[in-house]
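Architecture at a glance
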Amino acid sequence: MCHVEVDGQTLQLPLAGKLFETKTHEKRPLAVGDRVVLDPTGKAIDAILPRTSQLHRRAATEGEERAQVLAANVSLVFAVASVTEPPFQPELVDGLLAAAAREKIPAALVLTKCDLDPAAAAKWAAVYQASGVRILAVSTAPGHRTEDTLAEVGKLLHENRSVLCGLSGAGKSTLLNAVVPGVQLRTGALNHIRQGRHTTTHTELIPLPGGGHVLDTPGVRNFHLFCVGTQELQFLFPEIAALLPNCEYRSCLHEDEANCAVRPAVQKGVIPVSRYRSYQTMLAHAHEAERPPGKSGKPQPRGGGRWRPRR
Ligand SMILES: Nc1nc2c(ncn2[C@@H]2O[C@H](COP(=O)(O)OP(=O)(O)OP(=O)(O)O)[C@@H](O)[C@H]2O)c(=O)[nH]1
Ligand SMILES: [Mg+2]
Ligand SMILES: [Zn+2]
């Protein structure tokens, strides 16, 4: 059953059986944020309209590689990460930002809990300065509210159909409660989170009074790109791609090629080490996926052929 907004009312409707029969690379036929067509009776979902964008990751299941779409038809991705408690996880943030870049969805990095560690907030803001995303350092703690950046988040929320994504306990639901009057989402205590429990348990599309829609998602532990190509990857890291013209080889992947411009930039601190490490990890997986079938021992994407991102 799905919740479908029809003429301002939310109905609970089933999916037509045929939607489960089409074999695709996706884990589920429908994603939160999808636009659908109902059957003539108006009692079931008959078709899913093509998506304008989708935030998706490699599904965490064993066996065949599948894509899990976390949000469909979004115009802005908020990567929400606390600067401490839980600690900032660069690989998760970089995976999210890369997935957004791949779909050409603008992204913003929200650094939460700045009241707890202002120095860490400044450090991570500096790391992402050249990453091409807007950085918003916020605190929602009473007495420490960062009114200016919270107002910026509010403005972006009202202008977009956004998705908030990040680690459990990062403060996604708290952020929405703090900036959107009338929204009262359940938020979790930290001891809860330390035990690995999520507070938000399913993704919901919330219409905002004053315009815009937002998808609050349950925390994710990782964000790996689905079927990404080795040559495509650097273009998802703008500060790395910017140096490609200075590398000797146009096909340089900035691993151990001669006269690469990227590695010295990492050594000099021009490219943050954590960003380059994330790139390396993603590249290792992309190499693995590009190996011919049988040699890698890894499952190949369903349908054989290379999956291409939307343009
Ligand atoms: N000190 C401080 N604590 C915060 C801030 N933002 C959120 N928190 C706390 O962080 C905890 C987790 O917040 P949630 O909003 O439930 O986190 P979430 O990202 O929605 O977590 P999931 O729903 O499990 O994905 C709560 O105890 C919040 O009070 C902040 O700016 N400062
Ligand atoms: Mg939540
Ligand atoms: Zn290079």
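Scroll up to find the structure this text is about.
Presented here is an overview of the structure given in this document. (Residues numbered from 1 in each chain as written. Chains lettered and ligands numbered in written order. Predicted model: local features only at pLDDT ≥ 70, side-chain atom pairs only at ≥ 80, totals over all residues. Heavy atoms only, no water.)

**A look at the sheet that holds strand S11 (residues 204–207)**
- Spatially, six strands are ordered S9-S8-S7-S10-S12-S11 in an open sheet, and the strand pairing comes out mixed. Of all the strands in the sheet, just strand S9 (134–137) and S11 have a single pairing partner and so form its edges. Across the sheet, the mean angle from the axis of one strand to that of its neighbour is 25°, orientation sign disregarded.
- Inspection of the sheet shows strand S8 (residues 107–112) paired to S9 by four bridges, in the parallel sense. Across the sheet, valine 110 pairs through a bridge with leucine 136, a residue of S9.
- Its contacts with the sheet place helix H2 (residues 90–102) against strand S7 (76–82), S8 and strand S10 (161–165), and it is angled at close to 175° to S7. (Pairing = 2+ DSSP bridges. Helix = DSSP H or I, 4+ residues; strand = E, 2+ residues; numbered from the N terminus. Axes fitted to C-alpha atoms, helices over the stretch in contact; angles between N-to-C directions. Contact = heavy atoms within 4.5 Å.)

**A look at the nonpolar core**
- Core analysis: the largest hydrophobic core is formed by 55 residues, its most contacted members being Leu55, Phe223 and Val262.
- Mapped onto this core, the elements with two or more residues apiece are strand S6 (67–72), S7, H2, S8, helix H3 (118–127), S10, helix H9 (262–267) and helix H10 (273–290).
- Here this core gets seven residues from one element, more than from any other, and that element is H2.
- Each of domain 2 (71–216) and domain 3 (230–290) gives at least three residues to this core.
- Those residues in contact with leucine 55, other than ones at most four positions away along the chain, are Gln68, Val69, Leu70, Ala71, Val77, Leu96, Ala99, Ala100, Ile105, Val163, Cys165 and Phe223. (Core = buried A, V, L, I, M, F, W, Y, C linked by side-chain atoms within 4.5 Å. Buried < 20%, exposed > 50% of the residue type's maximum accessible area, 1.4 Å probe, protein only. Domains from an automatic or database assignment.)

**Let's talk about the coordination of the zinc ion (ligand 3)**
- The protein atoms donating to the zinc ion (ligand 3) are Cys247 (SG), Cys252 (SG), His254 (ND1) and Cys260 (SG), with metal-donor distances spanning 2.1 to 2.4 Å.
- Each of the four donor atoms around the zinc ion (ligand 3) contributes to a set of angles spanning 103 to 115°, which defines the coordination as tetrahedral.
- Donor residues for the zinc ion (ligand 3) sit on one chain with the sequence pattern C-x4-C-x1-H-x5-C. Note on accessibility: histidine 254 and cysteine 260 belong to one class, buried. (Donors = N, O, S within 2.8 Å, 3.2 Å for Na, K, Ca; no water. Tetrahedral: all angles 85-135°; square planar, octahedral: opposite > 155°, others 65-115°.)

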